[in-house]
Amino acid sequence: MVKELTKKINELKKEKDAIILAHFYQPPEIQAIADEVGDSYYLSEIARDCPQKTVVFCGVKFMGESAKILSPEKTVLMPVANAGCVMADMANDIQVAALKKKHPDALTVCYINSTAAVKAHCDVSVTSSSALNILGKVENKKIIFLPDRNLGEYIAEHFPEKEFILWDGCCLFHDRIKLEEIEKLKEEYPDAEVLVHPECRKEIRDMADYTGSTSGIIKYATNSNCKEFIVATEEGILYELEKQNPDKKFMIPGGSVRCADMKKTTLENLYTTLLNGENEVVVDEQIREKALKSLLNMHKLAE
Ligand code: 13P
Ligand code: SF4
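Keep in mind that what you see is a predicted model, and the values were worked out from it rather than measured.

Enquirer: For this particular structure, what's the right way to read the overall build of the chain?
Expert: For the chain, the helix and strand inventory stands at 15 helices and 12 strands. In terms of C-alpha radius of gyration, the chain reaches 19 Å, essentially the compact-globule figure of 19 Å for 303 residues. Along the longest, intermediate and shortest principal axes, the C-alpha atoms of the chain span 55 × 55 × 30 Å. Counting the 303 residues in the chain, one finds 46% classified as buried. A fraction of 64% describes how many contacts in the chain between residues 6 or more apart in sequence connect residues 24 or more apart.

This is the structure in structure tokens:
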């Protein structure tokens with residue numbers, strides 16, 4: 001069944017001039033069939049630059065939206081129409097506009113994990129792999145950062161000379177990772193290195209041997225001489241970590257960290273999406289034009 005579906009998806013992909021992109025949190029069978037797998041920053045660049053007319057984005061809504069904002073001439077499809085990001089939904093455009101009014105002298109920076117309508121109110125977007133680089137290049141002393149208070153706090157720690165106004169949002173899956181779960185694993189594996197996504201709370205980040213994006217975590221583990229790792233992020237990352245490092249051991253605190261929306265993609269819904277051109281991502285043109293500015297600034301400043 002898997003073999004047959006894989007064959008059909010690959011045939012349809014050629015027939016429809018489509019590329020399949022998948023985030024590192026997608027199920028293993030989706031990462032295996034994708035043309036490109038990566039973090040949010042990498043995938044946004046591939047979606048922008050790929051020659052194919054159709055992009056099938058296996059991820060969550062803000063990723064598909066960002067692809068459409070950057071490449072309005074392309075058809076962007078998502079295998080699951082309602083695959084959202086709980087963190088992105090914690091900020092809306094009306095609230096953001098109100099906060100900006102209170103701080104007219106601040107630069108408004110949004111995590112790419114935000115809706116198109118919110119991006120339309122922001123000066124620059126960042127991803128976890130590009131945030132420190134980008135904030136290091138902006139001269140503004142006052143920064144509104146949204147929607148992730150954990151990533152915001154992590155960035156703020158690196159720029160004590162700047163004033164940060166942080167939104168009170170978070171990723172429920174990363175925010176729930178407990179210090180005791182990491183400590184328990186550390187007792188059993190004292191030599192293990194702790195790799196942490198910046199969406200985790202401060203007490204977890206403070207324990208980290210490395211803090212960074214999904215791609216950063218994979219790169220660090222692959223280059224490290226250590227053989228055991230405690231990985232504080234979504235478990236989908238294990239597929240690439242284990243593929244690149246078959247001789248190393250990777251452990252998720254508490255045994256499992258699962259983003260439910262990332263796991264909605266299946267080979268079946270990927271196939272029907274390609275077959276029927278379903279779940280096309282649509283972004284209102286006025287919003288798209290404004291949101292584009294924040295994504296273009298991200299790519300420009302991250303270079
Ligand atoms: P990365 O950009 O590190 O892949 O993170 C995306 C994300 O949604 C983390 O929860
Ligand atoms: Fe959003 Fe968290 Fe899922 Fe990442 S892991 S897509 S931040 S809900």
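Enquirer: Where do I start with the site of ligand 1 in this structure?
Expert: Taken together, Phe24, Asp39, Ser40, Tyr41, Asn113, Thr127, Ser128, Ser129, Cys171, Glu199, Ser213 and Thr214 form the complete shell of residues around ligand 1. Considering only residue class, the shell around ligand 1 consists of three nonpolar, seven polar and two charged.

Enquirer: Explanation requested: unusual backbone geometry in the structure shown.
Expert: Phi is mostly negative for residues that are not glycine, and the peptide bonds are mostly trans. In the segment running from leucine 146 into proline 147, the intervening peptide bond is cis, with an omega of -10°. Tracing the chain through its elements places proline 147 in the loop between strand E7 (142-146) and helix H8 (149-158). The backbone of aspartate 17 sits at a positive phi, close to 50°, despite the residue not being glycine. Here aspartate 17 falls in the exposed class, since 11 other C-beta atoms lie within 10 Å of it. Unlike most non-glycine residues, asparagine 279 shows phi in positive territory, near 55°. The residue asparagine 279 is located in the loop between helix H14 (267-276) and helix H15 (285-302) in this model. Classification of asparagine 279 as buried rests on a count of 20 C-beta atoms within 10 Å.

Enquirer: When you look at the domain arrangement of the chain in this model, what are you seeing that I'm missing?
Expert: Many analyses report the size of an interface as the accessible area lost when the parts associate. The domains assigned to the chain are domain 1 (2-83 + 262-283), domain 2 (88-170 + 286-302) and domain 3 (173-251). Distance between the C-alpha centres of domain 2 and domain 3: 26 Å. Residue-level contacts link nine residues of domain 2 with 14 residues of domain 3. Tallied by class, residues from the side of domain 2 that touches domain 3 come to three nonpolar, four polar and two charged.

Enquirer: Just to check I follow, could you spell out the sheet that holds E7 for this structure?
Expert: Sheets are built from strands paired through backbone hydrogen bonds, the pairs being either parallel or antiparallel. If you walk across this open sheet you meet the four strands as E6-E5-E7-E8, and the pairing is parallel. Whereas interior strands pair on both sides, the edge strands pair on one side only; in this sheet they are strand E6 (124-126) and strand E8 (163-166). Within the sheet, the average angular offset between the axes of one strand and its neighbour, ignoring direction, is 30°. Against the sheet, H15 makes contact with strand E5 (107-111) and E6, and its axis sits at roughly 60° relative to E6, the strand it touches most.

Enquirer: Honestly, the pairing of E5 in this entry has me stumped. Any pointers?
Expert: Across a regular strand the side chains alternate sides, sitting on one face of the sheet and then on the other. When you tally the buried positions in E5, you get four out of five residues, the bulk of the element. Examined bridge by bridge, E5 and E7 share four bridges and lie parallel to one another. Of the residues in E7, the one forming a bridge with leucine 107 is isoleucine 143. Taken together, the three bridges between E5 and E6 define a ladder with parallel strand orientation. The residue bridging valine 109 from the neighbouring strand is valine 124, located in E6.

Enquirer: I tried to follow H15 on my own but got confused; where do I start?
Expert: An α-helical turn contains 3.6 residues, so a residue and the one three or four places further along point in the same direction. Spanning 18 residues, H15 covers 25 Å between terminal C-alpha atoms, matching the ideal 26 Å at 1.5 Å per step. Looking at the buried positions of H15, the neighbouring elements they touch are helix H4 (61-70), E5, helix H6 (116-119), E6 and helix H7 (131-135).

Rules and cut-offs
Residues numbered from 1 in each chain as written. Chains lettered and ligands numbered in written order. Predicted model: local features only at pLDDT ≥ 70, side-chain atom pairs only at ≥ 80, totals over all residues. Helix = DSSP H or I, 4+ residues; strand = E, 2+ residues; numbered from the N terminus. Rg over C-alpha atoms; globule rule 2.2 N^0.38 Å. Buried ≥ 20, exposed ≤ 12 C-beta atoms within 10 Å, placed from the backbone. Contact = placed C-beta atoms within 7 Å. Near = placed C-beta within 6 Å. Nonpolar A, V, L, I, M, F, W, Y, C, P; charged D, E, K, R; others polar. Domains from an automatic or database assignment. Pairing = 2+ DSSP bridges. Axes fitted to C-alpha atoms, helices over the stretch in contact; angles between N-to-C directions. Expected span 1.5 Å × (residues − 1).

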